[in-house]
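One letter stands for each residue in the lines below.
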Amino acid sequence: MTEARSISEADLHAYADGFLDDADRARVERFLAENPDAAELVADWQAQNDELRAAFAAHEKSKPTDIQLISGAHHRTAARPPRRAALAAAAMAIFALGAIGGHYGPLLFKRPDIQLAYTEILPREARNAFLVYASEVRHPVEVFANEEAHLATWLGKRLSIANLKVPNLQTMGFKLVGGRLLPVAGKPGAMFMYEDQAGQRVTVMVGRNKENRTTSFRFASASNVETFYWIDGELGYAVTGEISRDLLQKIAEECYRQFPS
Amino acid sequence: MKARETQAPAPLSFEAQILALLPQLRRYSRSLTRSDVEGEDLLQDCVEKALVSRSQWRGANFKSWAYRIMTNLHLNARRSVARRPSVGIEEAENVAMSAVSDDPLEKSRLVKALETLPKEARAVLMLVVVEGHSYQEVADMLDVPIGTVMSRLSRARQALREKMREENVIPMRRPR
């Protein structure tokens, strides 16, 4: 307890930024375990960090005009490189960059990071899938819960997830209706549907994208339909329902726990 | 050892150091500004300034030196007003060459929220988070006490957090 009192805000920043050594990190972690408000604050900061890094990562790149920047900077007004880059200069620049370091070349052709685009697509498609399928009375899913093992193997194979387990949400009062294959951002994805005793439905969508990078959990809402979504490695997840945000968040957390990481 | 001063497409030493650092400087300049165009402007100014002041470089940490130049240029300048009409992230699409519709920055509400931060606080946040400098390095770079770095960092994070809450983005605590 005495050590907990000696944690300063600067320690929390340093923790969030990964600047602490093992001993201090452990000390802060003990403090956070006992102070949920501080833990939430730090988690927010870390989520900001992840998103900011992801947002600007794609801008770390060379341009064909870089050579002109260095060599022609003294007559700038005339020589400000035309933004429609000269191809000859590009060829020369690539040659020069190659001479400087082999690691440089690939950067030139790096595709822009599309992770944020995916995080935009994911909640939208999750919401659409929910609106389309959750209102289906007779055919809400392709494979019903009575074939759960088959459902898991089938969708696991399409998504290349070894040992895919269909999340069990019984503790939350939701039982599995079944699942289906559906496109998520243009690739095979899975949707699982659950239902509580009152017939309220919740869907869990999973999609894969090679360019994905892990994010924190996010929340999106549009006309009473709420979606929690997150990306874990290459897999994107979205939990959607017309239920309270609190309950949906609990379901999302439960899914996160149960899905393989 | 001097760089060959012919047409030299393969600059060495000082120029080579700048060239090697350009991708990171480009990321930093973009993270301080509102659009690709403004980012490139700041980058060009920084390179120009570095070349002109090359005699002031004491051979110590080149990277810190270049970052310091860019930060100072940005904090001291009223560039966009003076030099060209400022262009927000949305309109940036209509500007020559930045018509990249899948620019992830346009999609991020957090990045938009950066516009509400004071320049100094934003610079500290970017130097620490995106560029990976330690608090002490940032303090040296900006010539301010480390306590000032911490308070700017704190202010930036707090402001972003409030802004995002207004915008319905709740980063949930991951069960670790």
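Our subject is the structure listed above.
Residues numbered from 1 in each chain as written. Chains lettered and ligands numbered in written order. Predicted model: local features only at pLDDT ≥ 70, side-chain atom pairs only at ≥ 80, totals over all residues. Heavy atoms only, no water.

**Quick look at the packing of helix H1 (residues 13-32) of chain B against helix H2 (residues 36-52) of chain B**
Residues and elements named next belong to chain B. Definition in use: What counts as an axis is a line fitted to C-alpha atoms, over the stretch in contact for a helix, and the angles between N-to-C directions run from 0 to 180 degrees. Runs of E in the DSSP output that reach at least two residues are strands. Runs of H or I that reach at least four are helices, and both are numbered from the N terminus. Helix crossings get a hand from a simple test, with the near helix turned counterclockwise from the far one by less than a right angle marking a left-handed crossing and a clockwise turn marking a right-handed one. By definition in these notes, contact holds between two residues if any of their heavy atoms fall within 4.5 Å. Charged means Asp, Glu, Lys or Arg here, nonpolar means Ala, Val, Leu, Ile, Met, Phe, Trp, Tyr, Cys or Pro, and polar covers whatever is left, Gly included.
With their axes 9 Å apart at the nearest point, H1 and H2 run at an angle of 145 degrees to one another. Seen from above, H1 lies across H2 with right-handed handedness. On H2, the residues touching Phe-14, Glu-15, Ile-18, Leu-22, Leu-25, Arg-26, Ser-29, Arg-30 and Leu-32 of H1 are Asp-36, Gly-39, Glu-40, Leu-42, Leu-43, Val-47, Ala-50 and Leu-51. A class-by-class count of the residues in the contact of H1 with H2 yields ten nonpolar, two polar and five charged.

**Looking at the packing of aromatic side chains**
Residues and elements named next belong to chain B. What counts, and what does not: Only the six-membered ring of Trp is used, alongside the rings of Phe and Tyr, when aromatic pairs are assigned; centres must lie within 6.5 Å, and planes under 30 degrees apart are stacked while those over 60 apart are edge-to-face, with the rest tilted. A simple rule labels every residue: compare its accessible area, found with a 1.4 Å probe on the protein chains alone, to the largest value its type can have, and call it buried under 20%, exposed over 50%, or partly exposed in between.
Evaluation of the coordinates by the stated rule reveals twelve aromatic pairs over all chains. Residues Tyr-28 and Tyr-67 carry aromatic rings whose centres are separated by 5.1 Å and whose planes lie at 45 degrees to one another, so their mutual orientation is tilted. One end of the pair, Tyr-28, is in helix H1; the other, Tyr-67, is in helix H3 (residues 62-76), and 39 residues separate them in sequence. Neither residue differs from the other here; Tyr-28 and Tyr-67 are each classed as buried. Relative to Trp-65, the ring of Trp-57 lies with its centre 6.4 Å away and its plane at 40 degrees, an arrangement referred to as tilted.

**Some words on the nonpolar core**
We count it as follows: Nonpolar core, defined: a set of buried Ala, Val, Leu, Ile, Met, Phe, Trp, Tyr and Cys residues in which side-chain atoms within 4.5 Å join the residues together.
The biggest cluster of nonpolar side chains holds 65 residues, and the ones touching the most others in it are A:Leu12, A:Leu32, A:Leu52, B:Ile18, B:Leu114 and B:Leu125. For this core, the element with the highest residue contribution is helix H6 (residues 119-130) of chain B, accounting for nine residues. Discounting residues that sit within four places of it in the chain, A:Leu12 has contacts with A:Ile7, A:Val28, A:Phe31, A:Leu32, A:Ala38, A:Val42 and A:Trp45. Formed by 32 residues, the second largest nonpolar core is a distinct cluster that contains A:Val143, A:Phe174, A:Tyr237 and A:Ile251.

**Notes on unusual backbone geometry**
Residue and element names in this part refer to chain A. Even without being glycine, Ser-160 reaches a positive phi, approximately 55 degrees. On the secondary structure map, Ser-160 appears in the loop between helix H10 (148-159) and strand E2 (175-184). Phi at Ala-185 takes a positive value of approximately 50 degrees, unusual for a residue other than glycine. Tracing the chain through its elements places Ala-185 in the loop between E2 and strand E3 (187-195).

All quantities given are derived from atomic positions and should not be read as evidence of function.
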